[in-house]
Amino acid sequence: MSHESPCLSCGACCAHFRVSFYWGECQSTGGTVPDELTLQISSHHACMKGTQSNPPRCVALVGEVGTRVSCSIYENRSSTCREFDILNEDGSANEACTRARALHGLPPVSFDNDREDSAA
Ligand code: SF4
Ligand code: SF4
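Residues numbered from 1 in each chain as written. Chains lettered and ligands numbered in written order. Predicted model: local features only at pLDDT ≥ 70, side-chain atom pairs only at ≥ 80, totals over all residues. Heavy atoms only, no water.

- An unreviewed UniProt entry lists the chain under the name YkgJ family cysteine cluster protein, with Cellvibrio fontiphilus as the source organism.

Right under this line is the structure:
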């Protein structure tokens, strides 16, 4: 397992942004995200609990940012989480990822080696 995702030793994005999404993604409205881990922030949107706090940290994030992390609802996470990645769709570096990492004292992800997947 030489090409582990950098996300597994990061988690900065889960402890930097307010992670919001359409309310219909919650389980009670037919989606996948457990309602008890969310807050309704408008008539149409919810966010992951903890990501609205200062400092933010998603309640579903397990582990220590910058060391070892995982998402406790990985299979059920929102589209916002699924779509956030190290790279943009065009293959360029995601500047928001770099910014979140920097705020946690982490360098930008290196693309020197082939990358297989991301996991946060
Ligand atoms: S997408 Fe970027 S900020 Fe988020 S966990 Fe992965 S490397 Fe860290
Ligand atoms: S990927 Fe998981 S831990 Fe990170 S913000 Fe989304 S739900 Fe929270």
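Side note on the environment of alanine 15
- Along the chain, alanine 15 falls in the segment before strand 1 (20–22).
- In this structure, the C-alpha to C-alpha distance between alanine 15 and leucine 103, residues 88 residues apart in sequence, is 9.8 Å.
- For alanine 15, the contacting residues outside a window of four places in its chain are Pro56, Arg57, Leu61, Val65 and His104. (Helix = DSSP H or I, 4+ residues; strand = E, 2+ residues; numbered from the N terminus. Contact = heavy atoms within 4.5 Å.)

Notes on the pairing of strand 4 (residues 61–64)
- Pairing analysis gives four bridges linking strand 4 to strand 5 (residues 68–71), with the strands arranged antiparallel. The residue of strand 5 that forms the bridge with valine 62 is serine 70. (Pairing = 2+ DSSP bridges.)

Details of the side chain of arginine 101
- Considering the arrangement of structural elements, one finds arginine 101 in helix 2 (residues 95–103).
- No salt bridge is formed by the buried arginine 101; its nearest oppositely charged neighbour, aspartate 85, is found at 11 Å.
- Aside from chain neighbours lying at most four places away, what touches arginine 101 is Pro6, Cys10, Ala12, Leu106, Pro107, Pro108 and Val109. (Buried < 20%, exposed > 50% of the residue type's maximum accessible area, 1.4 Å probe, protein only. Lys, Arg positive; Asp, Glu negative; His and termini not counted. Salt bridge = Lys/Arg side-chain N within 4 Å of Asp/Glu carboxyl O.)

Some words on the site of ligand 1
- Neighbouring ligand 1 are eleven residues, the closest being Cys7, Cys10, Gly11, Cys13 and Cys97.
- Across the shell around ligand 1, the residue classes break down as eight nonpolar, one polar and two charged. (Near = heavy atom within 4 Å. Nonpolar A, V, L, I, M, F, W, Y, C, P; charged D, E, K, R; others polar.)

Concerning unusual backbone geometry
- A cis amide bond links asparagine 54 to the next residue, proline 55, at an omega of 5°.
- Residue placement: proline 55 occurs in the loop between strand 3 (45–48) and strand 4.

Re the nonpolar core
- With 22 residues, the main nonpolar core has Phe21, Met48, Cys58, Ala60, Leu61 and Ile73 as its most contacted residues.
- If you list the elements that add at least two residues to this core, you get strand 3 and helix 2.
- For methionine 48, the contacting residues outside a window of four places in its chain are Val19, Phe21, Val33, Leu37, Thr38, Cys58, Ala60 and Ile73. (Core = buried A, V, L, I, M, F, W, Y, C linked by side-chain atoms within 4.5 Å.)

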